[in-house]
Amino acid sequence: MSGTLLLVEDDSAIATVITAALEDEGFEIAHCSSIRERDEKMDARTFDVMVTDVMLEDGDGLASLKAVRESAPTMPVIVLSAQNTLDTAVRASDSDAFEYFPKPFDLDELVRAVCQAAGNRSETPELTPSSDGDGMPMVGRSPAMQGVYRMITRVLRNDLTVLVTGESGTGKELVAEAIHQLGSRRTGPFVAVNTAAIPHDLVESELFGHEKGAFTGAVAQAIGKFEQANGGTLFLDEIGDMPAEAQTRLLRALQSGSIRRVGGRQEIAVDVRIIAATNRDLAPMIEAGAFREDLFYRLNVVPIELPPLRERREDIEVLSQHFLAQAAEDGLPRRILKAEAVQALEARNWRGNVRELRNVIYRLALMSREDAIDASSLTDILGEEPSFATDADEDGKGGIGAALDVWLMREEPASGTVYASALAAFEKPLIEHALGQTNGNQLRAAKLLGINRNTLRKRITELRIEPDRFARPV
């Protein structure tokens, strides 16, 4: 690969590394550190590819790309940024950036992107209106969240169906809202429905509507969520809890682009983008016949998996600051977190994920006696974190029972979903505890749990548990 590249980067160390890597690939590099120098170099010659930082010494490199597009409309632009937010990723997408890399970036990935951009430089980018990015609901700069941001930007200009997965409290509805608010359907309605919160015999009526007299209690015609979302986005939360008959009708609606109200005969065309979400593992449900495999493939066109908070602990500080600011806007005292308090928060388990963190930060803002919250204040207010140990506590209730009480208060699962939701939350730690008690022996662990050994093996595989780590030398 060869070509000419304009590198706009005011960090000399980063510029040196990028230059060396790309010169090894045969590129001729012209380096500058400001918007003014960039424009001067572009006036003097043409380039095959540009790599630019966002925050430059004389302005916002991303905001000034409009001028670049006017003078070099076919030149691919790759954006680098230390401002690693969804706002930046979306701005890069709206500016028709060929690729966006948050700092710190993988140098090999950057080199591959530059080579690909140089090979595609004859293609003319499609320009779209930019978004001002106000009110971005998602916060986080971890590599895991950067992957989520990049997936979101890839689906903004199309109507592909998206399946968002992740544990409770990770922000699945926020992803759906971001895709709608920043995408081409932003002027249409956004309709969200939690299928787990609807009685099973009313799910079809809720989604597709019903005609008068369709069933006992149907005293008037009702418009369903599909029709309400026409021209916009329909967000189907907890799709894994949808009953079988409703799954069949949903599949038909996705295939045909039309719905029929319960008790009706008329086919009604609907123009709806579907975003579905679940905190359940659909693969074993498909094997058990509880979820239609063909519906799964219809929904899982673009999968977006949200990481649990324990896998993005580097985001806890910025999330906490975000929630403290929100709490102050909501009328609570303005607080700050000392470094030791941040470290204590990062060490917690966060089984309730970002939702739990938000509630904890609001509690700290309300109950702290000091404006600057330290580690001891945090412990005084929150207490010691409950564990999943099975030893009885002072009241005679096992640690799992105490944790279950906390979980029920934290999650507030919808009526009729407590068993399935609790099983999803507690099954993995329970199996891990049994393996720990039996030194990793699966046969003894199965006997301890009172389940078949093959069943235990299957769940260990599905839950991605590593039994070997529980084996202790004897």
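Residues numbered from 1 in each chain as written. Predicted model: local features only at pLDDT ≥ 70, side-chain atom pairs only at ≥ 80, totals over all residues. Heavy atoms only, no water.

## Quick word on the packing of helix α19 (residues 442–449) against helix α20 (residues 453–462)
Working step 1: Relative orientation of the contacting elements α19 and α20 amounts to 105 degrees, with a least axis distance of 9 Å. Classified by the interaxial angle, the pair formed by α19 and α20 is roughly perpendicular. In this structure, α19 uses Q442, L443, A445, A446 and L449 to contact α20, whose residues at the interface are R453, L456, R457 and I460.
Working step 2: Each residue belonging to the contact of α19 with α20 can be placed in one class, and the counts come to six nonpolar, one polar and two charged. (Axes fitted to C-alpha atoms, helices over the stretch in contact; angles between N-to-C directions. Helix = DSSP H or I, 4+ residues; strand = E, 2+ residues; numbered from the N terminus. Parallel < 35°, antiparallel > 145°, perpendicular 65-115°, else oblique. Contact = heavy atoms within 4.5 Å. Nonpolar A, V, L, I, M, F, W, Y, C, P; charged D, E, K, R; others polar.)

## Considerations on the packing of helix α14 (residues 339–346) against helix α16 (residues 375–382)
Working note: a packed helix pair is described by the angle between its axes plus the distance between those axes.
Working step 1: Put simply, α14 and α16 touch, their axes get as near as 7 Å, and they point 45 degrees apart. As judged from the angle between their axes, α14 and α16 are oblique. Residues E340, A341, A344 and L345 of α14 form the contact with α16, whose participating residues are A375, S376 and L378.
Working step 2: Partitioned by chemical class, the residues of the contact of α14 with α16 number five nonpolar, one polar and one charged.

## Looking at the pattern of salt bridges
Working step 1: Scanning the model with the defined rule gives 20 salt bridges in all.
Working step 2: We note a salt bridge from E287 to K458, for which the minimum N-O separation is 3.5 Å. Of the two residues, E287 sits in helix α11 (residues 282–287) while K458 sits in helix α20, which places them 171 residues apart along the sequence.
Working step 3: Of the residues examined, E287 reaches a relative accessible area of 59% and is grouped as exposed.
Working step 4: The exposure class of K458 is partly exposed, given its relative accessible area of 41%.
Working step 5: For R292, the salt bridge goes to D294, with nearest N and O atoms at 2.6 Å.
Working step 6: Owing to a relative accessible area of 28%, R292 belongs among the partly exposed residues under this scheme.
Working step 7: Classification of D294 by relative accessible area gives partly exposed; the value is 33%. (Salt bridge = Lys/Arg side-chain N within 4 Å of Asp/Glu carboxyl O. Buried < 20%, exposed > 50% of the residue type's maximum accessible area, 1.4 Å probe, protein only.)

By themselves these figures say nothing about function.
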